[in-house]
Amino acid sequence: GRDLFTPKKFYGQVINDASDMASLLASFRSQVFLLPEGVNAALPFFVECFGKRLTVALPPNAVAGQVLNVWISNNVLTASLGMMVQGQMTFLGPASVQEMFDQ
């Protein structure tokens, strides 16, 4: 379970290709991560979401307790750093996110 939705076959249904199921997933998805104690903004931050392994370059002002927002829209990844202030998300800066590929 890397995703909340996993397509299942109905009795007797044949699924030829995983791309047949792509239309069942939302074109825009988001994931939120809380930065842990000891996070070092100078080092890459690794996360898994949307069925992908990602590396995030955090802004230099990133500290534990802040929130990393990661979005995927039409297979384009974006990320930002924020923090909760009186129940509202406050934008602190953009983060660079890239998919990691096995070598």
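Caption draft 1: Expanded view of the sheet that holds strand β3 (residues 52–57). Strand order across the open sheet formed by 6 strands is β1-β4-β5-β6-β3-β2, with antiparallel pairing between neighbours. On the outer flanks of this sheet lie β1 (28–34) and β2 (45–49), each paired with one strand and no other. Shown here is a sheet whose adjacent strand axes are inclined to one another by a mean of 35 degrees, direction ignored. Inspection of the sheet shows strand β5 (residues 76–85) paired to strand β6 (residues 88–99) by 7 bridges, in the antiparallel sense.

Caption draft 2: Expanded view of the side chain of K52. Note on placement: K52 falls in strand β3. Judged by relative accessible area, K52 falls into the buried class, the value being 16%.

Caption draft 3: Up close: the nonpolar core. L35, F45, L54, V56, L58, L68 and V70 are the most contacted members of the largest nonpolar core, which totals 20 residues. Taken together, the elements giving at least two residues each to this core come down to β2, β3, β4 (67–73), β5 and β6.

Caption draft 4: Structural view of the pattern of salt bridges. Evaluation of the coordinates by the stated rule reveals 1 salt bridge. Here K52 ties to E99 by a salt bridge, and the two come within 3.6 Å at their closest N and O atoms. Taken together, the residues span a long stretch of sequence, with K52 in strand β3 and E99 in strand β6 at a distance of 47 residues.

Caption draft 5: Main features of unusual backbone geometry. Look at N74: it is not a glycine, yet its phi comes out positive at around 50 degrees. Take N74: it is sitting in the loop between β4 and β5. Residue classification places N74 among the exposed residues on the basis of a relative accessible area of 62%. At Q86, a residue that is not glycine, the phi angle is positive and equals roughly 50 degrees. Tracing the backbone through its elements, the reader meets Q86 in the loop between β5 and β6.

Caption draft 6: How the structure looks around the side chain of S80. Along the chain, S80 falls in strand β5. For S80, a relative accessible area of 6% translates into the label buried. If we ignore the near neighbours within four places in the chain, the residues touching S80 are V67, L68, N69, W71, F91, G93, P94 and A95.

Conventions adopted
- Residues numbered from 1 in each chain as written.
- Predicted model: local features only at pLDDT ≥ 70, side-chain atom pairs only at ≥ 80, totals over all residues.
- Heavy atoms only, no water.
- Pairing = 2+ DSSP bridges.
- Helix = DSSP H or I, 4+ residues; strand = E, 2+ residues; numbered from the N terminus.
- Axes fitted to C-alpha atoms, helices over the stretch in contact; angles between N-to-C directions.
- Buried < 20%, exposed > 50% of the residue type's maximum accessible area, 1.4 Å probe, protein only.
- Core = buried A, V, L, I, M, F, W, Y, C linked by side-chain atoms within 4.5 Å.
- Salt bridge = Lys/Arg side-chain N within 4 Å of Asp/Glu carboxyl O.
- Contact = heavy atoms within 4.5 Å.

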